[in-house]
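Descriptive structure summary
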Amino acid sequence: MVAIYCRHFGQTFDFILAQGVFTHAPQRNIMLCMSEAASCMSPTSLFLATFMEGDHDYEGRDWLYPSVSQYTWRRIREITEAAGLRHVSIAWPHPRSAKWIALSRPEHEPRMRDLVNGLRSPRLCSRAAWGTGLTRSLRRRILGR
Ligand SMILES: C[S@@+](CC[C@H](N)C(=O)[O-])C[C@H]1O[C@@H](n2cnc3c(N)ncnc32)[C@H](O)[C@@H]1O
């Protein structure tokens, strides 16, 4: 996995998506990704990500592919908070049953929670619905476009 240092872009991003990335990554890479994202998020930026929920936390240091690295909700929350962010879970389908989270700066968490709670997820996990549908719905609700 190549480390991407977001701060080198010298700008903030309204929207960041990491679909199918934390699902294969060791903890240190998730931490790096979240903290780099945090460094270029404005107070209202949205960062959508998936992870694979499990009973135990993957403690290895390797990127796993095509197998997956699993984490408890507790550990994902600890990593999120250590990166200076907060997350809310999103009840939205995924073809491999990964969990969706919406990350934001701490001051935006209450608004993020409201927006996510108002989402109406599709019942069917069609390709159009699970990925594009979620990002479009959230972008529109949160960014107004
Ligand atoms: C679950 S897919 C997600 C891809 C993309 N984010 C998406 O939503 O379509 C994981 C991706 O990681 C890529 N990948 C696997 N091993 C990799 C590695 N060692 N370095 C970089 N990319 C890798 C795969 O080719 C695949 O495109």
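Residues numbered from 1 in each chain as written. Predicted model: local features only at pLDDT ≥ 70, side-chain atom pairs only at ≥ 80, totals over all residues.

**Structural notes on the pairing of strand β5 (residues 99-104)**
Here β5 lies mainly inside the structure; 5 of its 6 residues are buried. Direction of pairing for strand β2 (residues 41-53) relative to β5: antiparallel, over a ladder of 5 bridges. Each bridged residue has a counterpart across the sheet, and for phenylalanine 47 the counterpart in β5 is leucine 103. Note that strand β4 (residues 86-90) and β5 share 5 bridges and pair antiparallel. Bridged to valine 88 within β5 is alanine 102. (Buried ≥ 20, exposed ≤ 12 C-beta atoms within 10 Å, placed from the backbone. Helix = DSSP H or I, 4+ residues; strand = E, 2+ residues; numbered from the N terminus. Pairing = 2+ DSSP bridges.)

**Some remarks on helix α2 (residues 73-82)**
Restricting attention to buried positions, one finds in α2 the residues Ile76, Ile79 and Thr80. Across the axial projection of α2, the buried residues extend over an arc of 100°, all falling on one side. Away from its buried face, by an angle of more than 90 degrees, α2 presents the exposed residues Arg74 and Ala82. Tucked into the core, α2 has its buried residues touching α1 (27-39), β2, β3 (70-71), β4 and β5. (Arc of directions from axis to C-beta. Contact = placed C-beta atoms within 7 Å.)

**Overview of the nonpolar core**
Core analysis: the largest hydrophobic core is formed by 31 residues, its most contacted members being Met34, Phe47, Leu48, Ala49, Phe51, Ile101 and Ala102. Among the elements of the structure, α1, β2, α2, β5, α3 (109-117) and α4 (127-143) are those that each provide at least two residues to this core. No other element matches the 7 residues that β2 contributes to this core. Setting aside its immediate chain neighbours within four residues, methionine 34 contacts Ile79, Thr80, Ala83 and Leu85. (Core = buried A, V, L, I, M, F, W, Y, C linked by C-beta atoms within 7 Å.)

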